[in-house]
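If you want the building blocks of each chain, they are given just below.
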Amino acid sequence: MTREQYILATQQNNLPRTENAQLYPVGIYGWRKRCLYFFVLLLLVTMIVNLAMTIWILKVMNFTVDSPLVLQSDRNVTVNARNHMGQLTGQLTVGADAVEAQCKRFEVRANEDGRVLFSADEDEITIGAEKLKVTGTEGAVFGHSVETPHIRAEPSQDLRLESPTRSLIMEAPRGVQVSAAAGDFKATCRKELHLQSTEGEIFLNAKTIRLGNLPTGSFPSSSPGSSSSRQTVYELCICPNGKLYLSPAGVGSTCQSSSNICLWS
């Protein structure tokens, strides 16, 4: 220690000490302390109220882990979708009278494989389900044409094509084929049934061809071929207008003798 350091240390030890030094308390006292306690208590009460309101909202809206989300409204529920510019791109509205969806394309997909079951846009409506079933009593009504390669009834059910007030027309440039593999084919009408071939022929191929309720021509009373005996064999004749009739068979053709029936048609 140098001399200067020794003298300085000796002078500091010889300084008089103040016995009555004033002490300043450190802390918050008085009205400041009461205000702090009040704000802490107010914050605690606010937290409790917020927690109670949150629990009440979860209880009222049925927000649970295992239950589905339920949105209820007295009028309607609307869900909007917007892009990054805030423009409306899609809207789903559930109202009391209808469910409306406004979007560029609407799709319904299967849950398992995600294939499209139903899709609709401005150009077309596509149904991708394996079977389209209409259970209404009036069936399905189409305002315009329907394109399909196959129309089939359900198993053990009849397929019926009907036009209650107008005509039913089936056309095909390469032919129309109607077949009944295990049953009968019947065509009935109220007035006339026309079979017409403009360039070809009408071909009937069967073991037996029956024409029921054909009119029977009669001989004039002076005709030598007339007979009062019971006739069992008849000849099939045709009038110039195409009408068919039966004539009692004889040794030769008797159509000319009983052609007076053609005058009645």
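Given the structure is predicted, the values throughout are model-derived calculations rather than measurements.

Definitions and cut-offs
- Residues numbered from 1 in each chain as written.
- Predicted model: local features only at pLDDT ≥ 70, side-chain atom pairs only at ≥ 80, totals over all residues.
- Heavy atoms only, no water.
- Core = buried A, V, L, I, M, F, W, Y, C linked by side-chain atoms within 4.5 Å.
- Buried < 20%, exposed > 50% of the residue type's maximum accessible area, 1.4 Å probe, protein only.
- Contact = heavy atoms within 4.5 Å.
- Pairing = 2+ DSSP bridges.
- Helix = DSSP H or I, 4+ residues; strand = E, 2+ residues; numbered from the N terminus.
- Axes fitted to C-alpha atoms, helices over the stretch in contact; angles between N-to-C directions.
- Phe/Tyr/Trp six-rings, centres within 6.5 Å; stacked < 30°, edge-to-face > 60°.
- Expected span 1.5 Å × (residues − 1).
- Disulfide = S-S within 2.5 Å.

Draft legend 1. Representation of the nonpolar core within the structure. Counting six residues, the largest nonpolar core is built from Cys237, Cys239, Tyr245, Cys255, Ile261 and Cys262. Excluding residues within four positions of it along the chain, Tyr245 makes contact with Pro215, Gly217, Glu235, Leu236, Cys237, Ile238, Cys239, Cys255, Ser258, Ser259, Ile261 and Cys262.

Draft legend 2. Spotlight on the sheet that holds strand E1 (residues 77-82). The strand order across the open sheet built from three strands is E1-E2-E3, with neighbouring strands paired in antiparallel fashion. Whereas interior strands pair on both sides, the edge strands pair on one side only; in this sheet they are E1 and strand E3 (99-102). Neighbour-to-neighbour, the strand axes of the sheet open up by a mean angle of 10°, direction not taken into account. Strand direction decides the pairing type here: strand E2 (residues 88-94) and E3, joined by four bridges, are antiparallel. The residue bridging Leu92 from the neighbouring strand is Ala101, located in E3.

Draft legend 3. Up close: the packing of aromatic side chains. Summed over the entire model, instances satisfying the criterion amount to two aromatic pairs. Pairing Phe38 with Phe39 gives two aromatic rings, centres 5.8 Å apart and planes at 65°, and the pair type is edge-to-face. With respect to class, Phe38 is no different from Phe39; both count as exposed. Between Phe106 and Phe118, the aromatic rings sit 6.4 Å apart at their centres with planes inclined by 70°, giving edge-to-face as the arrangement. With Phe106 in strand E4 (residues 106-109) and Phe118 in strand E5 (residues 116-120), this pair connects stretches of sequence that are twelve residues apart.

Draft legend 4. A look at helix H2 (residues 31-60). Relative to the 44 Å expected for 30 residues at 1.5 Å per residue, H2 spans 43 Å between its end C-alpha atoms, a close match to the ideal helical length. The element H2 is largely exposed, with a buried count of zero among its 30 residues. Where H2 terminates, the next one or two residues include Asn62, which has phi positive at roughly 60°.

Draft legend 5. Seen up close, the state of the cysteines. Evaluated as defined, the whole model comprises two disulfides. The disulfide that involves Cys237 links it to Cys255, with 1.8 Å between the sulfurs. Residues Cys237 and Cys255 are joined by a disulfide whose S-S torsion is about -80°; by sign, that bridge is left-handed. Taken together, the positions of Cys237 in strand E7 (residues 234-238) and Cys255 in the segment after strand E8 (244-248) put the pair 18 residues apart, joining distant regions of the chain. The two residues Cys237 and Cys255 agree in class, both being buried. For Cys239, the disulfide goes to Cys262, at an S-S distance of 2.0 Å. One quick way to see it: the torsion about the S-S bond of Cys239 and Cys262 is about -85°, and its sign makes the bridge left-handed. Residue Cys239 is located in the loop between E7 and E8, and its partner Cys262 is located in the segment after E8; the two are separated by 23 residues in the primary sequence. Numbered in order of appearance, the disulfide-bonded cysteines of the protein are paired 1-3, 2-4.

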